[in-house]
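Topology and contacts: notes
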Amino acid sequence: SLYLNSAYSVIYLFIFLISCKPFFTYQLRSRTVDNVDFGAHVENQTGARDSLSRKHHRVYQLYSRTSGKHVQVLGRKILARGEDGDKFAQVVVEADTFGSQVRIRGKETNFYLCMNRKGKLVGRKASGRMDECVFVEMVLENNYTAWMSAHYSGWYMGFTKKGRPRRGPQTRANQRDVHFMKRFPPGEQPGPQNCGFTTIGKREASKKIIVKDI
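These notes cover the structure that comes with them. (Residues numbered from 1 in each chain as written. Predicted model: local features only at pLDDT ≥ 70, side-chain atom pairs only at ≥ 80, totals over all residues. Heavy atoms only, no water.)

**Description of the overall build of the protein chain**
Inclusion rule: For the purposes of this entry, the term helix denotes a DSSP run of H or I that reaches at least four residues, the term strand denotes a run of E that reaches at least two, and both are numbered from the N terminus. Burial status follows relative accessibility: with a 1.4 Å probe on protein chains alone, a residue under 20% of its type maximum counts as buried, one over 50% as exposed, and anything between as partly exposed. Two residues form a contact once any of their heavy atoms are found within 4.5 Å. Throughout, the Shrake-Rupley method with a 1.4 Å probe supplies accessible areas, and for residues the shown protein chains are the sole cover considered.
A tally of regular secondary structure across the protein chain gives 3 helices and 10 strands. Put simply, the protein chain runs from its N terminus to its C terminus through helices and strands in the order α-α-β-β-β-β-β-β-β-β-β-β-α. Within the span of the protein chain, comprising 214 residues, buried residues form 34% of the whole. Relative to all contacts within the protein chain whose residues are 6 or more apart in sequence, the contacts with residues 24 or more apart total 51%. For the protein chain, the accessible area works out to roughly 14,900 Å², and carbon and sulfur atoms hold 55% of it.

Next comes the structure, spelled out in structure tokens:
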């Protein structure tokens with residue numbers, strides 16, 4: 001009798017473990033998912049190039065808060081002395097990452113705005129050394145936009161009152177020199193969107209109500 005009771009106990013324990021296996025497996029998987037660092041994953045994806053999604057290109061004028069003019073890409077030379085509508089002040093902001101990393105290209109010259117290892121703003125043709133031509137677009141609390149070098153963290157695109165470039169190590173995010181406003185070139189402002197509303201008279205409305213009641 002004691003032997004049979006022990007055997008039955010082992011059988012019941014075995015059946016219990018089999019029935020509870022899915023529960024333990026779910027708990028294990030849940031803990032594994034909870035321990036995943038999604039913040040690190042998003043940060044890594046933000047800096048990764050996106051070769052699958054459609055590239056987002058938009059033409060702007062970058063108005064400098066300090067010089068009161070627009071950023072110009074004059075080939076290898078970069079200035080902030082462009083008037084409204086200046087062809088050299090029209091730039092193409094290219095975004096092809098998951099986050100806010102962009103490249104800035106002069107529409108007229110096809111040169112990219114870059115920052116070299118000395119912190120100087122220069123223009124370059126598209127080449128293999130494009131890591132110095134990537135900037136992080138940052139919208140500030142005062143509604144201005146700043147562009148920080150993605151390769152040299154903490155160095156910003158900035159200009160003096162005379163429209164001359166400032167070197168990266170001399171810039172800070174809270175300086176007026178690095179504050180810009182994105183403006184559409186003259187004649188390229190997006191027009192009002194057609195919402196597609198249709199107006200109907202009282203007679204048509206009453207007909208619809210009658211049909212609905214029937």
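Having seen the model, we can carry on.
**Observations regarding the packing of aromatic side chains**
Note the threshold: In this scheme Phe, Tyr and Trp rings, the latter by its six-membered ring, pair at centre separations within 6.5 Å, and the angle between planes marks the pair as stacked below 30 degrees, edge-to-face above 60, and tilted otherwise. Two thresholds decide whether a charge sits over a ring: the Lys NZ or Arg CZ must be within 6 Å of the ring centre and within 35 degrees of the ring normal.
Scanning all chains against the criterion turns up 4 aromatic pairs. Taken together, a centroid distance of 5.1 Å and an interplanar angle of 25 degrees make the contact between Y152 and W155 stacked. Clustering of aromatic rings is evident, with ring pairs tying together W147, F159 and F180. Note that K182 overlies the ring of Y60, its terminal NZ or CZ placed 4.8 Å from the centroid.

**Observations regarding a positive patch on the surface**
To keep things clear, this is the line we draw: Each patch groups residues whose relative accessible area exceeds 30% and which form no salt bridge, using 9 Å between like charges and 5 Å between nonpolar side chains of Val, Leu, Ile, Met, Phe, Trp and Tyr. Any Lys or Arg side-chain nitrogen found within 4 Å of a carboxyl oxygen on Asp or Glu counts as a salt bridge. Under the counting rule used here, the positive set is Lys and Arg, the negative set is Asp and Glu, and His together with the chain ends is not counted. Charged side chains are reduced to one point each, which is NZ for Lys, CZ for Arg, CG for Asp and CD for Glu.
Together, K77, R81, K162 and R164 give the surface a local cluster of positive charge. Its place among the elements puts K77 in strand β3 (residues 77-82).

**Some remarks on the pairing of β3**
Going by this rule: In this analysis, strands are considered paired if DSSP registers two or more bridges between them.
Bridging between strand β2 (residues 70-74) and β3 involves 4 bridges; their strand directions are antiparallel. Paired with V73 across the strands is I78, a residue of β3. Counting the residues between successive antiparallel strands, the hairpin from β2 to β3 contains 2 residues, one of them, G75, with a positive phi of roughly 85 degrees.

**Observations concerning the nonpolar core**
Most often, soluble globular proteins have nonpolar side chains that are buried together. Just so we agree on the cut-off: Nonpolar cores were defined as sets of buried Ala, Val, Leu, Ile, Met, Phe, Trp, Tyr and Cys residues, with membership established by side-chain atoms within 4.5 Å.
Within the largest apolar cluster, 19 residues are counted, with the highest numbers of intra-cluster contacts made by L62, V71, L113, L121, W147, M157 and F159. For this core, the elements supplying multiple residues, two or more each, are β1 (56-64), β2, β3, β4 (90-95), β5 (101-106) and β6 (112-115). Once you skip the residues sitting within four places of it in the chain, L113 turns out to touch V71, I78, I104, L121, V122, C133, F135 and M157. V136, L140, A146 and Y156 belong to the second largest nonpolar core, which has 6 residues in total.

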